[in-house]
Amino acid sequence: MYVADSKRYDSMQYRRSGRSGIQLPAVSLGLWHNFGGVDNFENSRAMLRRAFDLGITHFDLANNYGPPYGSAEENFGQIFKKDFLPYRDELIISTKAGWDMWPGPYGDLGSRKYLLASLDQSLKRMGLEYVDIFYHHRPDPDTPMEESLGALDMAARSGRALYVGISAYNAKQTAEAVKILRALGTPCLIHQPKYSMFVRDPEQGLLDVLGKEGVGCIVFSPLAQGLLSDRYLKGVPADSRAARNVFLKKQDTEATMAKVQTLNEIAHARGQSLAEMAVAWVLRDPRVTSALVGTSKVSQVDDNVAALKNLKFSADELKKIDGILG
Ligand SMILES: NC(=O)c1ccc[n+]([C@@H]2O[C@H](COP(=O)([O-])OP(=O)(O)OC[C@H]3O[C@@H](n4cnc5c(N)ncnc54)[C@H](OP(=O)(O)O)[C@@H]3O)[C@@H](O)[C@H]2O)c1
């Protein structure tokens, strides 16, 4: 039987999500990869246990995480029932809908029909009565924003979700969404954008909107899916994500790897691994509430949390990093 570490709240740092009552751990765990039906169940379970023991109170899912789609939620549901049931009120569990999930016109994008049906399916797969955060996973260019966000409002009002969030909305769309949700009476708790040393789009206005509007920000892929770690310094290991993912492999060019090598040297000079520095780097901005990492091993959970030992960057370090990234 799993009994959570009694010291789990001793060293984790928590940050407030915008102007809300919710604090999130500075490092959160995402279940996009390595928690699906094709993965080792006991390894997934061990990572979730370790994360919670280290004070990671937030697990992030989506309807289509797996593969196959839905299986990460199913596995999480089983693990939740076995290990985390007594800790439900200590956890923030999120899910999302917005990408393709089932065939036909009602299983994708942003209609009220899709979003609410998907949330019901997610709750069933996870065996939960409610999620803490329900996200619209991406904006739908053909559905009025009022409809998609109205569905989030309904999710909250009906008790299926405590809070709502958005993902992949750009700065302008976010400003509009925040206004609509506020008028509906269900404020936007949080935005989930992609952000890392390699992907800096949120700096082009999104972080400003979130800061001004008091909306939290949980950034995904802070390690650029593992490129910002020592994982690929000597080639592509057989058990790595790039070995299984053609898209990631394509980015693994010589120019990118030269940058990774130099960043690795800066990290070592700071007394950190590159993965630790990558996590610390996104958290250097106080508008970032949490770094949402993925892991394939228990040791990676530990490494990523160890980033919190040094979140300070000197002006010189930041200048050097910007210089490398060009
Ligand atoms: N909203 C959205 O549209 C969206 C999109 C993508 C992701 N997300 C969320 O964000 C979460 C994280 O995304 P991500 O998995 O791409 O994040 P990431 O943290 O950038 O990449 C995770 C991968 O990096 C490697 N890694 C992690 N820690 C490491 C360490 N300490 N040392 C060496 N390598 C390490 C592992 O690769 P190996 O597997 O090769 O070991 C791991 O699978 C997802 O699970 C999901 O919840 C959201």
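If you're wondering where the values come from, they're calculated on a predicted model, not measured in any experiment.

Q: Break down the overall build of the protein for me, with residues and values.
A: The helix and strand inventory of the protein stands at 12 helices and 10 strands. Taking 20 Å as the expected radius of gyration for a compact globule of 326 residues, we find that the protein reaches 19 Å, a close match to that expectation. For the protein, the C-alpha atoms occupy an extent of roughly 50 × 45 × 40 Å along the three principal directions. Residues classed as buried in the protein amount to 58% of the 326 residues present. In the protein, 76% of the contacts between residues at least 6 apart in sequence involve partners at least 24 apart. The centroid of the 40 positive side-chain charges in the protein is displaced by 1 Å from the centroid of its 38 negative side-chain charges.

Q: Quick rundown of the pairing of strand β8 (residues 188-192)? Include the residues and the values.
A: In terms of burial, β8 is a largely internal element, 5 of the 5 residues being buried. Bridge count between strand β7 (residues 161-167) and β8: 4 bridges; the pairing is parallel. Looking at the pairing, Gly165 lines up with Ile190 of β8. This β-α-β element, β7 to helix α5 (residues 171-184) to β8, shows right-handed connectivity. Here 2 bridges tie β8 to strand β9 (residues 216-220), and the two strands are oriented parallel to one another.

Q: Which residues make up the state of the cysteines, and what are the values?
A: Tallied over the entire structure, the rule returns 0 disulfides. Not engaged in a disulfide, the cysteine Cys217 finds its nearest cysteine sulfur in Cys188; these two sulfurs lie 11 Å apart. The class for Cys217 is buried, based on a relative accessible area of 0%.

Q: Which residues make up unusual backbone geometry, and what values go with them?
A: For the bond from Gly66 to Pro67, the omega torsion is -5°, close enough to zero to count as cis. The topology assignment puts Pro67 in the loop between β4 (58-60) and α2 (71-84). Not every positive phi belongs to a glycine, and Ala224 is a case in point at roughly 50°.

Q: So, the pattern of salt bridges: which residues are in play, and what are the values?
A: Taken as a whole, this structure holds 22 salt bridges when the rule is applied. Here Asp108 ties to Arg138 by a salt bridge, and the two come within 2.9 Å at their closest N and O atoms. In this pair, Asp108 sits in the loop between β5 (92-97) and α3 (112-126) while Arg138 sits in the loop between β6 (131-136) and α4 (145-157), placing the two residues 30 residues apart along the sequence. Asp108 gets classed as partly exposed once you look at its relative accessible area, which sits at 24%.

Q: Before we move on, could you go through the packing of α4 against α5 and cite the residues and values that matter?
A: Two elements in contact, α4 and α5, have axes separated by 10 Å at closest approach and are oriented at 45°. By the angle class used here, α4 and α5 are oblique. Viewed along their axes, α4 and α5 form a crossing whose handedness is right-handed. Seen from α4, the contacting residues are Met145, Glu146, Leu149, Gly150, Asp153 and Arg157; seen from α5, they are Gln173, Glu176, Ala177, Ile180, Leu181 and Leu184. Class assignment of the residues belonging to the contact of α4 with α5 gives a composition of 6 nonpolar, 2 polar and 4 charged.

Calculation rules
Residues numbered from 1 in each chain as written. Predicted model: local features only at pLDDT ≥ 70, side-chain atom pairs only at ≥ 80, totals over all residues. Heavy atoms only, no water. Helix = DSSP H or I, 4+ residues; strand = E, 2+ residues; numbered from the N terminus. Rg over C-alpha atoms; globule rule 2.2 N^0.38 Å. Buried < 20%, exposed > 50% of the residue type's maximum accessible area, 1.4 Å probe, protein only. Contact = heavy atoms within 4.5 Å. Lys, Arg positive; Asp, Glu negative; His and termini not counted. Charge placed at Lys NZ, Arg CZ, Asp CG, Glu CD. Pairing = 2+ DSSP bridges. Right-handed = clockwise from strand over helix to strand, strands pointing away. Disulfide = S-S within 2.5 Å. Salt bridge = Lys/Arg side-chain N within 4 Å of Asp/Glu carboxyl O. Axes fitted to C-alpha atoms, helices over the stretch in contact; angles between N-to-C directions. Parallel < 35°, antiparallel > 145°, perpendicular 65-115°, else oblique. Left-handed = near helix turned anticlockwise from the far one by under 90°. Nonpolar A, V, L, I, M, F, W, Y, C, P; charged D, E, K, R; others polar.

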